[in-house]
Amino acid sequence: MQSKESDIGAVAWRELNPEPYKFKAVEPISPGTEEHRRRAIEEAGYNTFLLRSEDVFIDLLTDSGTTAMSDRQWAHMMRGDEAYAGSRSFSFMERVIQELFGFRHVIPTHQGRGAENLLSTILIRPGHYIPGNMYFTTTRVHQERNGGTFVDVIIDEAHDPAAAHPFKGNVDLDKLESLVRRVGAENIPYMSLAVTVNMAGGQPVSMQNMRAVHELCRSHGIPVFVDAARCVENAYFIQQREPGYQDRPVRDILREMMSYADGCWMSAKKDALVNIGGFVAVNDDHLAQKLRELVVVFEGMPTYGGMAGRDMEALARGLLESTEDSYVRHRVGQVEYLGELLRRRGVPIVEPVGGHAVYLDAKRFLPHLPQDVFPAQALAAALYIVSGVRSMERGIVSAGRNPETGEHHRPNLELVRLTIPRRVYTSRHMQVVAEAAARLYEARDGITGLEMVYEPPTLRFFTARFRPLGRWRL
Ligand SMILES: *Cc1c(COP(=O)(O)O)cnc(C)c1O
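Residues numbered from 1 in each chain as written. Predicted model: local features only at pLDDT ≥ 70, side-chain atom pairs only at ≥ 80, totals over all residues. Heavy atoms only, no water.

1. A closer look at the overall build of the protein chain
Phase 1 of the analysis: The secondary structure content of the protein chain amounts to 17 helices and 14 strands.
Phase 2 of the analysis: Taken against the 2.2 N^0.38 rule, which gives 23 Å for 474 residues, the C-alpha radius of gyration of the protein chain at 22 Å falls within 12% of a compact globule.
Phase 3 of the analysis: Once the C-alpha set of the protein chain is aligned to its principal axes, its extents read approximately 65 × 65 × 45 Å.
Phase 4 of the analysis: Considering the protein chain as a whole, with its 474 residues, one finds that 57% of them fall into the buried category.
Phase 5 of the analysis: Sequence separation of at least 24 residues holds for 71% of the intrachain contacts in the protein chain that already meet a minimum separation of 6.
Phase 6 of the analysis: Between the mean site of the 56 positive side-chain charges and the mean site of the 60 negative ones, the protein chain shows a separation of 3 Å. (Helix = DSSP H or I, 4+ residues; strand = E, 2+ residues; numbered from the N terminus. Rg over C-alpha atoms; globule rule 2.2 N^0.38 Å. Buried < 20%, exposed > 50% of the residue type's maximum accessible area, 1.4 Å probe, protein only. Contact = heavy atoms within 4.5 Å. Lys, Arg positive; Asp, Glu negative; His and termini not counted. Charge placed at Lys NZ, Arg CZ, Asp CG, Glu CD.)

2. Some details on the side chain of Gln143
Phase 1 of the analysis: Within the fold, Gln143 resides in helix 6 (residues 137–145).
Phase 2 of the analysis: The buried category is assigned to Gln143, whose relative accessible area is 1%.

3. Looking at the site of the ligand
Phase 1 of the analysis: The ligand sits among 13 residues. The nearest are Gln111, Arg113, Asp227, Ser267 and Lys270.
Phase 2 of the analysis: Between the ligand and the protein, one listed contact pairs an oxygen atom with a backbone N or O atom of Gly112 at 2.9 Å.
Phase 3 of the analysis: In this structure, Arg230 approaches the ligand through a side-chain N or O atom, which is 2.9 Å from an oxygen atom.
Phase 4 of the analysis: Counting residues per element, the shell around the ligand draws most heavily on helix 5 (residues 112–123), which supplies three residues.
Phase 5 of the analysis: Tallied by class, the residues present in the shell around the ligand amount to one nonpolar, six polar and six charged. (Near = heavy atom within 4 Å. Polar contact = N/O pair within 3.5 Å; in protein donor to acceptor, adjacent residues only side chain to side chain. Nonpolar A, V, L, I, M, F, W, Y, C, P; charged D, E, K, R; others polar.)

4. Considering helix 11 (residues 285–298)
Phase 1 of the analysis: Between its first and last C-alpha, helix 11 extends 20 Å over 14 residues, near the 20 Å set by a 1.5 Å rise per residue.
Phase 2 of the analysis: Leu287, Ala288, Leu291, Leu294 and Val295 are the residues of helix 11 that are buried. Along the axis of helix 11, the buried positions cluster into a sector of 135°, meaning they face one direction only. Exposed residues on helix 11 whose side chains face more than 90 degrees from its buried face are His286 and Val297.
Phase 3 of the analysis: Here the buried face of helix 11 lies against strand 2 (105–109), helix 5, strand 6 (224–227) and strand 8 (278–282).
Phase 4 of the analysis: One side-chain oxygen at the N-terminal end of helix 11 lies 3.1 Å from the backbone nitrogen of His286; it belongs to Asp284.
Phase 5 of the analysis: With its phi angle positive at about 145°, Gly300 sits one or two positions after the end of helix 11. (Expected span 1.5 Å × (residues − 1). Arc of directions from axis to C-beta.)

5. Observations concerning the pairing of strand 2
Phase 1 of the analysis: Burial analysis of strand 2 places five of its five residues in the buried class, which makes it a mostly covered element.
Phase 2 of the analysis: Here strand 2 shows a buried face lined by His105, Ile107 and Thr109 and a second buried face lined by Val106 and Pro108.
Phase 3 of the analysis: Summarising the sheet, strand 2 and strand 8 pair through five bridges and their orientation is antiparallel. Of the residues in strand 8, the one forming a bridge with Val106 is Ala281. (Pairing = 2+ DSSP bridges.)

6. Overview of the pairing of strand 4 (residues 149–152)
Phase 1 of the analysis: Pairing of strand 3 (residues 129–132) with strand 4, which is carried by four bridges, proceeds in the parallel orientation. Each residue of the ladder has a partner; that of Tyr129, found in strand 4, is Thr149.

7. Overview of the domain arrangement of the protein chain
Phase 1 of the analysis: Taken as a whole, the protein chain is organised into domain 1 (17–63 + 325–468) and domain 2 (71–322).
Phase 2 of the analysis: Relative placement of domain 1 and domain 2: their C-alpha centres are 27 Å apart.
Phase 3 of the analysis: The interface of domain 1 with domain 2 comprises 24 residues on the first partner and 29 residues on the second.
Phase 4 of the analysis: Both sides of the domain 1 and domain 2 interface together cover about 2100 Å² of buried area, and 52% of this is carbon and sulfur.
Phase 5 of the analysis: Summed over the shared surface of domain 1 and domain 2, the result is six salt bridges.
Phase 6 of the analysis: For Arg230, the salt bridge goes to Asp63, with nearest N and O atoms at 3.0 Å.
Phase 7 of the analysis: Summed over the shared surface of domain 1 and domain 2, the number is 16 residue pairs in polar contact (both at pLDDT 80 or more).
Phase 8 of the analysis: At the level of secondary structure, the elements contributing two or more residues to the side of domain 1 that touches domain 2 comprise helix 13 (325–344) and strand 9 (357–361).
Phase 9 of the analysis: Counting residues per element, the side of domain 1 that touches domain 2 draws most heavily on helix 13, at six residues.
Phase 10 of the analysis: A class-by-class count of the residues in the side of domain 1 that touches domain 2 yields nine nonpolar, four polar and 11 charged. (Domains from an automatic or database assignment. Buried area = accessible area lost by both parts, 1.4 Å probe. Salt bridge = Lys/Arg side-chain N within 4 Å of Asp/Glu carboxyl O.)

8. Observations regarding the pattern of salt bridges
Phase 1 of the analysis: Taken as a whole and assessed by the stated rule, the structure comprises 33 salt bridges.
Phase 2 of the analysis: The residue Arg390 makes a salt bridge to Asp59 at a minimum N-O spacing of 2.8 Å. Of this pair, Arg390 sits in strand 10 (residues 389–390) while Asp59 sits in strand 1 (residues 58–59), and the two are 331 residues apart along the sequence.
Phase 3 of the analysis: For Arg310, the salt bridge goes to Glu82, with nearest N and O atoms at 3.4 Å. Remark: Glu82 occurs in the loop between helix 3 (71–78) and helix 4 (88–101) and Arg310 occurs in helix 12 (residues 309–322); sequence separation between them is 228 residues.
Phase 4 of the analysis: Connected through salt bridges with shared partners, the residues Asp63, Arg230, Glu233, Asp271, Arg331 and Arg422 form a single ionic network.

9. A word on the packing of aromatic side chains
Phase 1 of the analysis: Counting across every chain of the model gives 10 aromatic pairs.
Phase 2 of the analysis: Taking 5.1 Å as the distance between ring centres and 80° as the angle between the ring planes, the aromatic pair formed by Phe49 and Phe462 counts as edge-to-face. Here the residue Phe49 occupies a position in the loop between helix 2 (34–43) and strand 1, and Phe462 occupies one in the loop between strand 13 (450–454) and strand 14 (465–468), the gap between them amounting to 413 residues.
Phase 3 of the analysis: Between Phe374 and Phe466, the ring centres sit 5.4 Å apart and the planes meet at 70°, which makes this aromatic pair edge-to-face. On the criterion of sequence distance, the pair formed by Phe374 in the loop between helix 14 (362–365) and helix 15 (375–387) and Phe466 in strand 14 is long-range, its members being 92 residues apart.
Phase 4 of the analysis: The structure contains a cluster of three or more aromatic residues connected by ring pairs, namely Phe49, Phe461 and Phe462.
Phase 5 of the analysis: Over the face of the ring belonging to Tyr135 we find Arg140, whose NZ or CZ atom lies 4.1 Å from the ring centre. (Phe/Tyr/Trp six-rings, centres within 6.5 Å; stacked < 30°, edge-to-face > 60°. Lys NZ or Arg CZ within 6 Å of the ring centre and 35° of its normal.)

Structure below.
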């Protein structure tokens, strides 16, 4: 929408992307001293997961459950109906989800993986194959626990950090079709479609692709279930990048996206703007009944599913807020702003920038380090030492080992993730992060890599410990 040139407020709103909120409660933070941070990272075994939150200045470890809630969400929390059964807060949340997503049945869970557990247990049998647009850690674990095999059907561009594609999360229809031909539609309980794709860097799926996946699956009688953790950010990318959607509100786009699915599940800790919560939503009456039968085993009554009444109030209110165009425009814009600052300073990042994080490309950042000395792990530790900014390794440490050969998996992507919590930091904080990364880039030769001194048997990135090789000159 074009504003009048004399409307300086409107022009500044459009061009400067200011925070569409003001602060009512604050939590003090400070960088502390470099000496203190050196000691803290040493005690944490050079693993940012093992740092204490109070030793962190700007915390970009994850966007999961780290949201700041609005005054209205807090007000709604006071109205939580904590009745064991038939809670009014559940009815409110159910109605909001039905209206925004268009599915008939809503089953609450304590968070996303609770929903994955229910859906996978009901639908997957040993020998089944579940196609998905790239794996997600908890999603795949639940598929495998039930005897299923995950099959990656994302387009090739998603695995290349430099490939420019507006919808890098898209499904490759040929890969999906050939899987159906290879294993038979009767062995595919559903298609798992993530919007956006977390492990590919928050990359979106186009509406055209969602429609095509739906048609292809329907022709084979395969239902489509959407992993909706970041569905609002995906809807925003469609509005910005896909012809025909420029003038459509994000809420409309979201509703159309979900019309190409049989149901969805959501970790509400992401786009629903709450610190805990989740749900499954489906159309099929029989499946809904099965979900309600199982939710009481793992989560709680079908009218709370592991959440307090106040949590459901906050979740419903959070979804209403996150689907406002002004919110999501600023949100994705802030992530892009950090990307642009880094790009301008010549710091190597993954392109295009996704919806929830900017990824530093550690291979190009530290070209003098072979993958065996854990460049991304070292980079995350060094960034913390120089600035107090906490990030996360997504490279050889996260990838783990091949259980048969015992060798490291060697992923193509050796990355450090800078994940932006929602409504928590200002653009000034983004400037601090970019400045820290840019100065570290200038001092990159002083980072000599790490050796691993403790390695847990599974999911090693959470608790592994390291020691620097030689003395780092930062
Ligand atoms: C976080 C996440 C999940 C799991 O949700 P939890 O709330 O952490 O249990 C599933 N899928 C995606 C894409 C996620 O980002």
